[in-house]
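Here are the chains, one letter per residue:
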2 protein chains.
Amino acid sequence: MEITQNIPFNKPYLTGKETNYIKDAVSTGKISGNGKYTKLCQDYFENKYNFKKCLLTTSCTDALEMAAILAEIKEGDEVIAPSFTFVSTAIAFIRQGANIIFADSYPNNPNIDASKIEALITTKTKAIVPVHYAGIACDMDKIMELANKYNLLVIEDAAQAIDSFYISKDGTKRALGSIGHMAAFSFHETKNVISGEGGMLVVNDNKFEKRSEIIWEKGTNRAEFFRGEVNKYGWVDTGSSFLPSDIIAAFLFAQLENLEDIQAKRAQHWNYYHKLLLPLHENGTISLPNINDYASNNAHMFYIVCNNLEERQALIEKLKANQVLAVFHYLSLHKSTFYQKRYYGETLSNSDHFSDSLLRLPLFYELTEENVAFITNIIIEFYKK
Amino acid sequence: MEITQNIPFNKPYLTGKETNYIKDAVSTGKISGNGKYTKLCQDYFENKYNFKKCLLTTSCTDALEMAAILAEIKEGDEVIAPSFTFVSTAIAFIRQGANIIFADSYPNNPNIDASKIEALITTKTKAIVPVHYAGIACDMDKIMELANKYNLLVIEDAAQAIDSFYISKDGTKRALGSIGHMAAFSFHETKNVISGEGGMLVVNDNKFEKRSEIIWEKGTNRAEFFRGEVNKYGWVDTGSSFLPSDIIAAFLFAQLENLEDIQAKRAQHWNYYHKLLLPLHENGTISLPNINDYASNNAHMFYIVCNNLEERQALIEKLKANQVLAVFHYLSLHKSTFYQKRYYGETLSNSDHFSDSLLRLPLFYELTEENVAFITNIIIEFYKK
């Protein structure tokens, strides 16, 4: 019997067709942005998830920047976001001059606590950015209700939320990313479907549709020109080069063709982790992910919540000694070097708790049942002490 | 004898190893940014061209945005750039709030006329952005002298200028991109070496070095962390996700390994065009590219300058009727829909002339001598009328 298994935290999965599609992209004579595979990917998402308009980007950060530009965020505007999130959720809006008003997480779920948002809304508030942590839905009915009441935009940070859903009280199931005015996805190598670096902007509100293409194409109306809608193209607006190479899209398309297989495999790993660790959750030793009635689970991430920082660090060390790489996640953004001097809000104790205590376990396609059993055994042994 | 040859304007060239390297990148378990091939590409450039520090980016636009952030360009600052350039030269600085002060081209060369710059410098001027059009050097000694005199930054837009050089009066040969405080390159599919979309920031002034890595990595000090220079990483600055996927870097590295072959082939096409069209230049019918004593030629582009817009349009049509795709290039940015309402400067007649009259001929690796002869024959016939 082997003692260690040398299990990485993540391993990018190749479906096998990625390089064929890249070769095909090159054979079309066009590997810059907005090529054959970019269109195939965008169509796939629009058709499958009821996203109004999709534009591939070079990263989720860039998709959020596009959303910030389209939302016309200006110096001094306020944007409400959770503190327990990746830095991109904030910097995309900070580049436009916004102040980020950080909200706390739920006690039992890292998502933004929807009941805490209303108190943070001021006359300067322009947008709410809910982050669907681990692909588990935020309370979107509540958030959209607030947005309507105060005339705010909702930009879903759906970086981890591909193929995940929100279930309304009446049973209606809507894909995450299809609910807010805009949404941003990531295809970073740690996500369910990947292209190394990569992202996508979803535009659900028609009023941003035309401008989104222009911002995407360096402030030019080139996309309209190529569809024959205008007879010359030029510089008409601000923008950047937000388009990825069609090489990236070709890689991603091979992944999308295998999405169901990938999702089934990840769900299998997730469920096995859950089954093996449930006793520790039930006896109060650790906490497992809490999935509300309104949320589906896309098996993006399996995490446990330890009791404190020291315990988590000791567990990371123990796993590492067994050649298993488990990692902590975000540090509360309001306490970062960059933002703490600008932060005058309340203590965000739930966010801080997840910063200290949340531990992500390896989860990737090629993980085996044996790997999961091996990892959970180490955790169970650790807590026997 | 075939009558038409169906010659595209550009055809991306595959050296053959691109997909092998992409597969290898996947096998490393890391295809996100700053991986094995990113480092290989950056090292290649630093060693070969005496660039102090190189950072691959998702586009040349993004490299220019990084330069604008590092230069701390703020609302109301002025940046001097040619009007005859791609929109990215301007929007990267406009996103930071700058006003672009457009300068005219030389009468016989689309590059910024260095003798026109000093009159445009004000107390608000922060940077000069010379664009090495067609890979042909701007007058860098003159531009650096002005920058020193007025304490300005020089950011070379070297999008088209890979493997091209500036030759000082004393004979010293320096790579374009190694002279200014910073420089930006493009690996868009139309360039000499490509990755579909892609770019690179070069930082030559040490004072920007440390911050450049942070801006690149979403405002975090992750790069330092991975080198073991700090023991945890976090959010310390503004920034964005400027890194390309290592898939893109793997593709690019295969191209770089074949740079000499690619450059030799392009030079052969360029020289053959020049030889066959020289009589038309010498008898004053059209103008061919003017390469100053201080410039080398990287064979990025072969263009001719017609006498006016109508003549150029007729020639484009004639070439198109023979299934040859030749294209015009930039429209003066100061006359764009976006900028004309903000422009109060002088008439830029040389820039406007190149907008109306410059015509780019097909130039790519797989072009043949027969193709070049066929194309030049059409042009010679056109001017016989």
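Residues numbered from 1 in each chain as written. Chains lettered and ligands numbered in written order. Predicted model: local features only at pLDDT ≥ 70, side-chain atom pairs only at ≥ 80, totals over all residues.

**Q** Whenever I open this one, the overall build of chain A confuses me. Can you help?
**A** Within chain A one finds 12 helices and 13 strands. Its C-alpha radius of gyration of 21 Å places chain A within 12% of the 21 Å reference for a compact globule of 385 residues. Along the three orthogonal principal directions, the C-alpha set of chain A runs to about 75 × 55 × 45 Å. With 385 residues in all, chain A has 55% of them scored as buried. Put simply, 71% of the contacts in chain A that link residues at least 6 apart link residues at least 24 apart. (Helix = DSSP H or I, 4+ residues; strand = E, 2+ residues; numbered from the N terminus. Rg over C-alpha atoms; globule rule 2.2 N^0.38 Å. Buried ≥ 20, exposed ≤ 12 C-beta atoms within 10 Å, placed from the backbone. Contact = placed C-beta atoms within 7 Å.)

**Q** Just to check I follow, could you spell out helix α4 (residues 87–94) of chain B for this structure?
**A** Three or four residues apart is the spacing at which side chains of an α-helix point the same way, because the helix has 3.6 residues per turn. Residue and element names in this part refer to chain B. The element α4 is extensively covered by neighbouring structure, given that 8 of its 8 residues are classed as buried. For α4, the full list of buried residues reads Val-87, Ser-88, Thr-89, Ala-90, Ile-91, Ala-92, Phe-93 and Ile-94. Where the residues of α4 are buried, they touch α3 (60–70), β2 (78–82), β3 (99–103) and β7 (153–157).

**Q** Explain the relation of the copies chain A and chain B here, please?
**A** Copy one and copy two of the chain differ by a rotation about a common axis and a shift along it. After a rotation of 180° and a shift along the axis of 0.0 Å, chain A superposes on chain B with an RMSD of 0.0 Å. Taken together, the rotation angle and the small translation identify this as a two-fold axis. Ranked by how close their C-alpha atoms come to the rotation axis, the residues of chain A are headed by Thr-19 of chain A, at 3.0 Å. Of the interface residues in chain A, 100% have counterparts in chain B that sit at the interface too, so the contact is made through matching surfaces. (Least-squares fit on C-alpha atoms with pLDDT ≥ 70 in both.)

**Q** Sorry, what's going on with the interface of chain A and chain B here?
**A** Accessible area lost on assembly of the parts is the figure often given for the size of an interface. Every contact between the two is made by 53 residues of chain A and, on the other side, 53 residues of chain B. Elements represented by at least two residues in the side of chain A that touches chain B include exactly α1 (18–27), α3 (60–70), α4 (87–94) and α8 (246–257) of chain A. Residues that form the side of chain A that touches chain B fall into these classes: 20 nonpolar, 22 polar and 11 charged. (Nonpolar A, V, L, I, M, F, W, Y, C, P; charged D, E, K, R; others polar.)

**Q** When you look at the domain arrangement of chain A in this model, what are you seeing that I'm missing?
**A** All names here are of chain A. We note that the domain assignment places domain 1 (18–257) and domain 2 (259–384) within chain A. With centres defined by C-alpha atoms, the gap from domain 1 to domain 2 works out at 26 Å. In this complex, domain 1 contributes 32 residues to the contact, which on the side of domain 2 involves 29 residues. Listed by contribution, the elements that provide at least two residues to the side of domain 1 that touches domain 2 are α4, β3 (99–103), β4 (105–106), β5 (109–112) and β8 (165–167). Among the residues forming the side of domain 1 that touches domain 2, the class breakdown is 20 nonpolar, 9 polar and 3 charged. (Domains from an automatic or database assignment.)

**Q** Just checking my understanding: could you explain the nonpolar core for this structure?
**A** Soluble, globular proteins show a tendency: their nonpolar side chains are buried together. One finds Ala-67 of chain A together with Ala-67 of chain B to be the most contacted residues of the largest nonpolar core, which totals 258 residues. The residues touching Ala-67 of chain A, leaving out its near neighbours within four places in the chain, are Ile-155, Met-182, Ala-184 and Leu-201 of chain A. (Core = buried A, V, L, I, M, F, W, Y, C linked by C-beta atoms within 7 Å.)

**Q** Honestly, unusual backbone geometry in this entry has me stumped. Any pointers?
**A** With glycine set apart, most residues show a phi of negative sign, and most peptide bonds adopt trans. Its identity is not glycine, yet Gln-323 of chain A carries a phi of approximately 60°, on the positive side. Summarising the element assignment, Gln-323 of chain A is placed in the loop between α10 (309–321) and α11 (349–357). Residue Gln-323 of chain A is classed as partly exposed on the basis of its 13 C-beta neighbours within 10 Å. One non-glycine residue, Asn-34 of chain B, adopts positive backbone phi at about 60°. Note on placement: Asn-34 of chain B falls in the loop between α1 (18–27) and α2 (36–49). The exposure class assigned to Asn-34 of chain B is buried, which follows from the 21 C-beta atoms found within 10 Å.

**Q** Whenever I open this one, the environment of Asn-50 of chain B confuses me. Can you help?
**A** Residue and element names in this part refer to chain B. Mapped onto the secondary structure, Asn-50 falls in the loop between α2 and β1 (53–57). By the C-beta count within 10 Å, which is 14 here, Asn-50 ends up partly exposed. For the pair Asn-50 and Val-202, spaced 152 residues apart in the sequence, the C-alpha separation amounts to 10 Å. If we ignore the near neighbours within four places in the chain, the residues touching Asn-50 are Ala-175 and Ser-178.

**Q** I'm lost on the pairing of strand β10 (residues 182–186) of chain B in this one. Help?
**A** If a strand is regular, its side chains alternate between the two faces of the sheet. Residue and element names in this part refer to chain B. With 5 of 5 residues buried, β10 lies mostly within the body of the structure. Neither face of β10 is left uncovered, since the one carrying Met-182, Ala-184 and Ser-186 and the one carrying Ala-183 and Phe-185 both have all their residues buried. In terms of strand pairing, β7 meets β10 through 3 bridges, oriented parallel. Directly across from Ile-155, in β10, lies its bridge partner Met-182. Bridge analysis of β10 against strand β11 (residues 199–203) gives 5 bridges, and the strand direction is antiparallel. (Pairing = 2+ DSSP bridges.)

**Q** I'm lost on the sheet that holds β11 of chain B in this one. Help?
**A** Each strand in a sheet pairs with another by means of backbone hydrogen bonds, the pair being arranged parallel or else antiparallel. All names here are of chain B. Read across the open sheet, the 7 strands follow the order β1-β11-β10-β7-β6-β2-β3; overall the sheet is mixed. Each edge of the open sheet carries a strand with a single partner, namely β1 and β3. Pairwise comparison of adjacent strand axes, ignoring direction, gives a mean angle of 25° for this sheet. Its contacts with the sheet place α3 against β1, β7, β10 and β11, and it is angled at close to 165° to β10. Its contacts with the sheet place helix α5 (residues 140–150) against β6 (125–128) and β7, and it is angled at close to 150° to β7. (Axes fitted to C-alpha atoms, helices over the stretch in contact; angles between N-to-C directions.)

**Q** Explanation requested: the sheet that holds strand β1 (residues 53–57) of chain A in the structure shown.
**A** All names here are of chain A. Spatially, 7 strands are ordered β1-β11-β10-β7-β6-β2-β3 in an open sheet, and the strand pairing comes out mixed. Every other strand in the sheet has two partners, leaving β1 and β3 as the edge strands with one partner each. Pairwise comparison of adjacent strand axes, ignoring direction, gives a mean angle of 25° for this sheet. Relative to strand β6 (residues 125–128), strand β2 (residues 78–82) runs parallel, the two being bridged by 3 bridges. Residue pairing for β6: Ile-80 is matched across the bridge by Ile-128. Across the face of the sheet, α3 comes into contact with β1, β7 (153–157), β10 (182–186) and β11 (199–203) while running at roughly 165° to β10. Helix α6 (residues 209–216) contacts β1 and β11 of the sheet and is inclined by roughly 15° relative to β1.

**Q** Would you mind showing me how to read α8 of chain A here?
**A** Taking 1.5 Å of rise per residue, 12 residues should cover 16 Å, and α8 of chain A covers 16 Å from first to last C-alpha, within 8% of that figure. Of the surrounding elements, those touching the buried residues of α8 of chain A are α1, α2 (36–49), β1 and α9 (259–282) of chain A together with α8 (246–257) of chain B. (Expected span 1.5 Å × (residues − 1).)

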